[in-house]
There are 2 protein chains.
Amino acid sequence: METRELRYFVAVAEESHVGRAAERLGIAQPPLSRAIAQLERRLGAQLFTRTPQGMTLTSAGETLLREGRAALAAVEAAERRTRRAVAAAGRAPVVLTAKAGASSELMAKLLDAYAAEPGAVDVDVVLSPPGHQALMLRDGRADVAILHRPFDDLSGFDVEQLLVEEQVLILPAGHPLSSATSLTVEEASSVPDLPLPRWPHLDGSYPDGPGPELRDLTQVLQLVRLGRTAIMLPDSARANLRDGLAVVPLSDAPQVTTVIAWPPHSTSPGVAGLVRTATRL
Amino acid sequence: METRELRYFVAVAEESHVGRAAERLGIAQPPLSRAIAQLERRLGAQLFTRTPQGMTLTSAGETLLREGRAALAAVEAAERRTRRAVAAAGRAPVVLTAKAGASSELMAKLLDAYAAEPGAVDVDVVLSPPGHQALMLRDGRADVAILHRPFDDLSGFDVEQLLVEEQVLILPAGHPLSSATSLTVEEASSVPDLPLPRWPHLDGSYPDGPGPELRDLTQVLQLVRLGRTAIMLPDSARANLRDGLAVVPLSDAPQVTTVIAWPPHSTSPGVAGLVRTATRL
DNA sequence: TGGCGTCATACCCCTGCGGTATCGACCCGC
DNA sequence: GCGGGTCGATACCGCAGGGGTATGACGCCA
């Protein structure tokens, strides 16, 4: 199977529509139809069921979509890391990715400590939207990432645990619940005048619901202060809070674990150094 | 980058020789030379240094070899799992791979317990040479594997720990050391009349050394009985021992952990059932 | 220095990918 | 029930590029 075929397949699977997929790929519709038919013939598997409304995946197709995305990411990673290895000459900057606006204190400590190490290489910090860190690590755009259990998918990475925290609810100061000594997730989710905000999926779309659509943390804290929403955050978020906000511990929310993650078999000395420094914090 | 290019590159890297690689690939030498040159141009990276003796990898080339092999395994896995998904219809047999001759007691218990579960699917057991289990899991030839820390490379897999054991030295009954109550690895390795056996690498070649070349466990036990070698094994190997063999605990050998491993994001109900059963043993 | 081994280049052929035009099937509104 | 608007599939053509053979350039060794 060639990566071109996989890319074509993934495009059609994602669009559920040959015409749109062809447009996205920059080719005409007929060759794409033909390529998919040929792929199905070669695999001996029906990948789509054709309907008058477009194409829907069969279960074999779903397998190929899942596995094929991982395979494409691996190929892209190989290409990117090779490109970077050439620029490298051994002392290329390490690309570290983290969630914008999270773990800033920990990150600052880590970067300072690492920079003080003998032989430290430059660290490019790439702040990306929530959930994108793992993707960037998988496709080679980043060398190392700060991720959060249980939110990020850590499968396939080597990780070192850095921090375990309880979660708290941040709500407007003066709200009736703000004087509670502790709340459950159930209670926090069902306050009618404080709907929890909605975060975008990986593709940029938003789940349905009553809460505001949000992209970053400063936004949400402002809205909390205005009494429009409340939010569950790891305990370390307290450090960044200003006036107008109240904090209530959540008794039954899952603990949040902050980890540093890197692709298995990484040979970058920069990654090794960062990880070593991180585990000593 | 197309998988064809990657396959060509890996062949040349492994053979260090365009002609031999071309033969292995079933094409002529000139197109292969051209393909490599084109790949280097497109990546903007020198992958090989040309010598009159052949091609040797640059450091960028080593990066691409490592990453490229993983990528190719991922593509092959996608293809195999899709092929198997079509035959599937939901109740395809699960392929479990394990080291020939190891963990047989544990495996028997696992297979029996799983077969007794409601809704259990068939399990194809593939016994493969030491070290091949992880490869089979990576390229989709197997769905789940029994692996051993620290010998197997578990990176990139989800695992559940099944068993932790100390290691012991197996030597001929009556050997002077057989009456020792405990030995160090150092001591066990330096007995002049009992050189430790050599196991094949993944490519089938053997490391240099004085000990006998071996492929499987019954062979080695026979040679131990004949006083030609000794071997370090996990404690559970005692169960299979017959007369003529002595066992001495090793005080400083690393513990051996037996795990059940599967590819992340596996959706196979058979794998899930096996893992669930295994963790309850 | 000639012979042998390496990989690179030159040139040709033909497969197979992508393009345009068109078809067949289905859904919908009237 | 019939035309128009969706789909994806098919037919056909042109050409880029991958693969073939023949040969060259270069370093090593006897």
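Treat the numbers as computed from the prediction; the structure is a model and nothing was measured.

A.B. asks: Give me the protein's contact with DNA strand C: which residues, what numbers.
C.D. replies: Close to DNA strand C lie 22 residues; Tyr8, Ala28 and Arg34 of chain A together with His17 and Arg50 of chain B are nearest. Here DNA strand C approaches the protein such that, of its atoms within 4 Å, sugar and phosphate make up 68%. Within the side chain of histidine 17 of chain B, an N or O atom sits 2.4 Å from a phosphate oxygen of DNA strand C. One of the backbone N or O atoms of proline 52 of chain B is found 3.3 Å from a sugar or linking oxygen in DNA strand C. Elements supplying a minimum of two residues to the surface near DNA strand C: helix H1 (3–15) and helix H3 (29–43) of chain A together with helix H2 (18–25), helix H3 (29–43) and strand S2 (54–57) of chain B. Among the residues making up the surface near DNA strand C, the classes are represented as 10 nonpolar, eight polar and four charged.

A.B. asks: How would you explain the pattern of salt bridges if you had to name every residue and give the values?
C.D. replies: Residues and elements named next belong to chain A. Under the definition given, this model contains 36 salt bridges over all chains. Notably, a salt bridge pairs arginine 84 with aspartate 143, separated by 2.4 Å at the nearest N-O pair. Here arginine 84 is found in helix H4 (residues 59–88), whereas its partner aspartate 143 is found in the loop between helix H6 (132–138) and strand S5 (144–149), with 59 residues between them in sequence. Through salt bridges with shared partners, a single ionic network connects Glu14, Glu15, Arg20, Arg24 and Arg69.

A.B. asks: Describe the nonpolar core, naming the residues involved and giving the relevant values.
C.D. replies: Ranked by size, the top nonpolar core spans 58 residues in total, and within it Phe9 and Leu64 of chain A together with Phe9 and Leu64 of chain B carry the most contacts. Only H1, helix H2 (18–25), H3 and H4 of chain A together with helix H1 (3–15), H2, H3 and helix H4 (59–88) of chain B provide two or more residues apiece to this core.

A.B. asks: Please give an account of the sheet that holds strand S7 (residues 167–172) of chain B that cites residues and values.
C.D. replies: Residue and element names in this part refer to chain B. Sheet architecture is open: three strands sit in the order S8-S7-S9, paired in antiparallel fashion. Of all strands in the sheet, those with a lone pairing partner are strand S8 (231–234) and strand S9 (245–249), marking the two edges. Within the sheet, the average angular offset between the axes of one strand and its neighbour, ignoring direction, is 35 degrees. Alignment of S7 against S8, held across four bridges, turns out to be antiparallel. Residue pairing for S8: glutamine 167 is matched across the bridge by proline 234.

A.B. asks: Which residues make up H2 of chain A, and what values do they have?
C.D. replies: All names here are of chain A. For H2, every residue scored as buried is listed here: Val18, Ala21 and Ala22. Along the long axis of H2, the arc covered by the buried residues comes to 100 degrees, so they all point the same way. Where H2 is buried, its residues meet H1, H3 and strand S2 (54–57). Where H2 ends, the next residue or the one after it, glycine 26, has phi of about 75 degrees, a positive value.

A.B. asks: Go over the side chain of threonine 82 of chain A, please, and point to the residues and values.
C.D. replies: Here threonine 82 of chain A lies in helix H4. For threonine 82 of chain A, a relative accessible area of 0% puts it in the buried group. With near-sequence residues (within four places) excluded, threonine 82 of chain A lies in contact with Leu43, Ala45, Leu47, Ala60, Thr63 and Leu64 of chain B.

A.B. asks: How would you sum up the interface of chain B and chain A? Please name residues and give values.
C.D. replies: Many analyses report the size of an interface as the accessible area lost when the parts associate. The interface is formed by 34 residues belonging to chain B together with 34 residues belonging to chain A. For the chain B and chain A pair, buried surface summed over both sides reaches about 3,000 Å², with 57% attributable to carbon and sulfur atoms. Ranking the residues of chain B by area buried against chain A places Met1, Glu67 and Thr82 of chain B at the top, with a combined share of 18%. In this assembly, chain B and chain A are joined by four salt bridges. One salt bridge in this structure joins arginine 81 of chain B and glutamate 67 of chain A, with 3.1 Å as the shortest N-O distance. Where chain B meets chain A, there are 22 residue pairs in polar contact (both at pLDDT 80 or more). Elements represented by at least two residues in the side of chain B that touches chain A include exactly H1, H3 and H4 of chain B. No other element matches H4 of chain B, which puts 17 residues into the side of chain B that touches chain A.

A.B. asks: Tell me about the sheet that holds S5 of chain A, residues and numbers included.
C.D. replies: Residues and elements named next belong to chain A. Judged by pairing direction, the sheet is mixed, and its five strands sit side by side in the order S4-S3-S5-S10-S6 without closing on themselves. Here the strands that pair on one side only, and so sit at the sheet edges, are strand S4 (123–128) and strand S6 (158–165). Put simply, the sheet's adjacent strands are angled 25 degrees from each other on average, direction ignored. Sheet topology places S5 next to strand S10 (residues 256–262); five bridges connect them, and they run antiparallel.

A.B. asks: Summarise the environment of histidine 201 of chain B; cite the residues concerned and give the values.
C.D. replies: All names here are of chain B. Mapped onto the secondary structure, histidine 201 falls in the loop between helix H7 (185–189) and helix H8 (217–225). Between the C-alpha atoms of histidine 201 and alanine 71, which are 130 residues apart in sequence, the distance is 22 Å. The residues touching histidine 201, leaving out its near neighbours within four places in the chain, are Tyr206 and Pro207.

The rules behind the values
- Residue indices follow the written sequence of each chain, beginning from 1 at its first position.
- As a convention, the first chain written is A and the first ligand written is 1, with the rest following in written order.
- Predicted model: local features are reported for residues with pLDDT of at least 70 only, side-chain atom pairs are reported and counted for 80 or more only, and whole-chain, interface and lining totals are derived from all residues.
- Derived side-chain values reflect all non-hydrogen atoms in the structure, with water molecules and hydrogen atoms excluded from consideration.
- By convention in this text, a residue qualifies as near a molecule or strand provided that one of its non-hydrogen atoms is within 4 Å of it.
- Polar contact criterion, stated in full: a pair of N or O atoms within 3.5 Å, where within protein one must be able to donate a hydrogen and the other to accept it, and residues adjacent in sequence count only if both atoms are side-chain atoms.
- Only DSSP runs of H or I reaching four residues or more are called helices, and only runs of E reaching two or more are called strands; each is numbered from the N terminus.
- Residue type decides the class: Asp, Glu, Lys and Arg count as charged, Ala, Val, Leu, Ile, Met, Phe, Trp, Tyr, Cys and Pro as nonpolar, and the leftover types, Gly among them, as polar.
- Salt bridges are defined as contacts in which a side-chain nitrogen from Lys or Arg sits within 4 Å of a carboxyl oxygen from Asp or Glu.
- In this text, buried Ala, Val, Leu, Ile, Met, Phe, Trp, Tyr and Cys residues form a nonpolar core when linked through side-chain atoms within 4.5 Å.
- Burial classes follow relative accessibility: with a 1.4 Å probe on protein chains only, a residue under 20% of its type's maximum area counts as buried, one over 50% as exposed, and anything between as partly exposed.
- Whether two strands pair depends on DSSP finding at least two bridges between them.
- Structural elements are reduced to axes, namely lines fitted to C-alpha atoms, with helices fitted over the stretch in contact, and the angle between N-to-C directions of any two is expressed from 0 to 180 degrees.
- The directions considered for the arc run from the helix axis to the C-beta atoms.
- Throughout, a contact is declared for two residues whenever any of their heavy atoms are within 4.5 Å.
- Defined in terms of a 1.4 Å probe, buried area is the accessible area two parts forfeit on being brought together, summed over both.

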